[in-house]
Amino acid sequence: MAIGQTTRVSLPYPSTWDVFASFGGRPTTLGTLVISAVSNGRVSGTVNFRGTPIPIQGSWDERSRQITIESPYANFVGTFAYKDELTLGLRHYVLRGNVRMKPPSIRAGEVGTWTAVTNIPRV
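What this report covers is the structure whose coordinates are included nearby. (Residues numbered from 1 in each chain as written. Predicted model: local features only at pLDDT ≥ 70, side-chain atom pairs only at ≥ 80, totals over all residues. Heavy atoms only, no water.)

## Comments concerning the nonpolar core
The nonpolar side chains of soluble globular proteins are, as a tendency, buried together. Defined as follows: Here, the term nonpolar core denotes a set of buried Ala, Val, Leu, Ile, Met, Phe, Trp, Tyr and Cys residues that are joined through side-chain atoms within 4.5 Å. Partly exposed describes any residue whose relative accessible area lies between the buried limit of under 20% and the exposed limit of over 50%, with all areas from a 1.4 Å probe on protein chains only and scaled to the type maximum. Helix numbering and strand numbering both begin at the N terminus, where a helix is a DSSP run of H or I of at least 4 residues and a strand a DSSP run of E of at least 2. Contacts: residue pairs with any heavy atoms within 4.5 Å of one another.
Leu 11, Trp 17, Leu 33, Ile 35, Ile 67, Leu 95 and Trp 114 are the most contacted members of the largest nonpolar core, which totals 23 residues. Looking at this core, the elements with two or more residues in it are strand E1 (15-23), strand E2 (29-39), strand E3 (42-48), strand E4 (54-61), strand E5 (66-70), strand E6 (74-85), strand E7 (90-101) and strand E8 (111-121). With residues up to four places along the chain from it excluded, the contact list for Ile 35 reads Leu 11, Pro 12, Tyr 13, Pro 14, Ser 15, Trp 17, Val 43, Ser 44 and Leu 95.

Pasting the structure below:
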């Protein structure tokens, strides 16, 4: 890339992400986040922590690179970052932020952190 040239990177979709969530120092919960669509600042897809995909809806702010996701069991807020791995020809994407569980979750009221990662070949 030439000096002074910039690359605009947006939230990739459709994409599948590995999700890690932690609550109160308890062991991390592993799951899968699928971002099916991003249109006009709206995000849709599924999240799966226990074997059943649960629908999500949310918003995406391209300028601030912030995402909010709501499922029937939790609210996620986070920021987006990426890093190029030139030797592997990959771009590593990361979403990271806070999660608040809500009823009917057995963890309702708990607050934790979450990180989602995916890798996509660079073009």
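## Observations regarding unusual backbone geometry
In this model, Tyr 13 is joined to Pro 14 through a cis peptide bond whose omega is -15 degrees. Note on placement: Pro 14 falls in the segment before E1. Its identity as a non-glycine residue notwithstanding, Asn 40 has a phi of 50 degrees, on the positive side. Inspection of the secondary structure assignment puts Asn 40 in the loop between E2 and E3. In the Ramachandran plot, Arg 65 falls in the positive-phi region, its phi being about 60 degrees despite a non-glycine side chain. Along the chain, Arg 65 turns up in the loop between E4 and E5.

## Describing the packing of aromatic side chains
Cut-off, in case you're wondering: Between 30 and 60 degrees the pair is tilted, below 30 it is stacked and above 60 it is edge-to-face, where a pair is any two Phe, Tyr or Trp rings, Trp via its six-membered ring, whose centres lie within 6.5 Å.
The final tally for this structure, using the stated rule, is four aromatic pairs. Aromatic side chains Phe 80 and Tyr 93 sit 5.7 Å apart centroid to centroid with 25 degrees between the ring planes, which places their arrangement in the stacked category. Placement of the pair is Phe 80 in strand E6 and Tyr 93 in strand E7, with a sequence separation of 13 residues. For the pair Phe 80 and Tyr 93, a shared accessibility class is recorded, and that class is buried. Cluster of aromatic residues (ring-pair linked, three or more members): Trp 17, Trp 60, Phe 80 and Tyr 93.

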